[in-house]
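The residues making up each chain are set out below.
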Amino acid sequence: MVRSFRIATTGLAVAFLLTGLTASAFGFVGLSPWQPGIPGRLIQLRGTVVCTGCTLTEARRLQHDRYGNQFYEVISQQGQLVLNIHAVSSPRWFDEVTVPQFSLRGEEGLLQPLSAAETQAKEVELTGLLTAPRILDVSAVVIQTPPPRTFDVSEGQTRQ
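Quick notes on the rules
- Every chain is numbered on its own, with residues counted from 1 as its sequence reads.
- This being a predicted model, a pLDDT of at least 70 is required before a residue's local features are given, and a value of 80 or more before pairs of side-chain atoms are given or counted; all residues contribute to the totals for chains, interfaces and linings.
- Excluded from the side-chain calculation are hydrogens and water; included are all heavy atoms of the structure.
- The criterion for strand pairing is that DSSP finds at least two bridges linking the strands in question.
- Segments assigned H or I by DSSP are reported as helices when at least four residues long, segments assigned E as strands when at least two residues long, and all are numbered from the N terminus.
- In this description, a line fitted to the C-alpha atoms serves as the axis of each element, helices being fitted only across the stretch in contact, and the angle between N-to-C directions of two axes falls anywhere from 0 to 180 degrees.
- Note on terminology: pairs of cysteine sulfur atoms within 2.5 Å are recorded as disulfides.
- Accessibility here uses a 1.4 Å probe with only protein chains present; expressed as a share of the type maximum, an area under 20% marks a residue as buried, one over 50% as exposed, and anything in between as partly exposed.
- For Phe, Tyr and Trp, where Trp contributes only its six-membered ring, two rings pair if their centres lie within 6.5 Å, and the inter-plane angle classes them as stacked under 30 degrees, edge-to-face over 60, or tilted in between.
- Put simply, a nonpolar core is a bunch of buried Ala, Val, Leu, Ile, Met, Phe, Trp, Tyr and Cys residues held in one set by side-chain atoms that sit within 4.5 Å of each other.
- Two residues qualify as a contact provided that any one of their heavy atoms is within 4.5 Å of a heavy atom in the partner residue.

## A few points about the sheet that holds strand β4 (residues 101-105)
Next up, step 1: Taken in spatial order, the six strands of this closed barrel run β1-β3-β2-β4-β6-β5, and their pairing is mixed. Averaged over neighbouring strand pairs, the angle between their axes works out to 45 degrees when direction is ignored.
Next up, step 2: Note: strand β2 (residues 71-76) against strand β3 (residues 79-88), six bridges, orientation antiparallel. In the strand pairing of β3, phenylalanine 71 is matched with asparagine 84.

## Some details on the state of the cysteines
Next up, step 1: Under the counting rule described, the total for this entry stands at one disulfide.
Next up, step 2: Two residues share a disulfide in this structure: cysteine 51 and cysteine 54, whose sulfurs sit 1.6 Å from each other. Disulfide cysteine 51 to cysteine 54: torsion about the S-S bond roughly 65 degrees, handedness right-handed. Here cysteine 51 matches cysteine 54 in class, with each residue buried.

## Topic: the pairing of strand β6 (residues 135-143)
Next up, step 1: Sheet analysis places β4 next to β6, joined by three bridges and oriented parallel. From the neighbouring strand, serine 103 faces β6, where its bridge partner is isoleucine 135.
Next up, step 2: Judged from the eight bridges that link them, strand β5 (residues 123-132) and β6 form a sheet pairing that is antiparallel. Its bridge partner being in β6, glycine 128 is matched across the sheet by valine 138.
Next up, step 3: Where β5 folds back on β6, the antiparallel hairpin that results is connected by two residues, among which arginine 134 adopts a positive phi of roughly 70 degrees.

## Focus on the packing of aromatic side chains
Each aromatic ring pair is characterised by the separation of its centres together with the angle its planes make.
Next up, step 1: One pass over the full model with this rule turns up three aromatic pairs.
Next up, step 2: Through pairs of rings, three or more aromatic residues link up here, namely Tyr72, Trp93 and Phe102.

## Re the pairing of β5
Next up, step 1: One ladder, built from eight bridges, connects strand β1 (residues 41-52) with β5; its direction is antiparallel. Its bridge partner being in β5, glycine 47 is matched across the sheet by valine 124.

## Brief notes about the nonpolar core
Next up, step 1: Grouped together as the largest cluster of nonpolar side chains are 19 residues, with contacts concentrated most on Leu45, Leu83, Trp93, Phe102 and Leu104.
Next up, step 2: The set of elements that each furnish at least two residues to this core consists of β1, β2, β3, β4, β5 and β6.
Next up, step 3: In contact with tryptophan 93, not counting residues within four places along its chain, are Ile43, Leu45, Tyr72, Val88, Phe102 and Leu130.
Next up, step 4: If you look at the next biggest cluster of nonpolar residues, it comprises seven residues, including Val50, Cys51, Cys54 and Ala59.

Shown next, in the form of structure tokens:
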């Protein structure tokens, strides 16, 4: 009788222990790195290159916008540029990047076109992981080219 009581008590203790561990494991599901606002979140930025090889102060002076909240100084190994950011995929970006400056990390061939003078005044889209505050590990860069100008032949007017 005493032996069966010990077995039953041990069995119940093990059952409660396993139940408690399972419940506490489910309590940490909300700490996934893919939750908004936690570093490691996939971010897409869309904006216009204001200038390449310049500082934030110079860009604001060139654009006559002293207090533009959308201008960000972007620093990478290939150089620096200023972006006028129009859209961000996650509003939590502004919680992580509280200063108008952030760094890009990525392959040289991926980031090289961003620092070229030809990208000035062009729309760019950056996709990457925000791995630390103010550091974006870039996985894709898209530089939008303006649509070609079309000529309507039906008007029949040519300029000389």
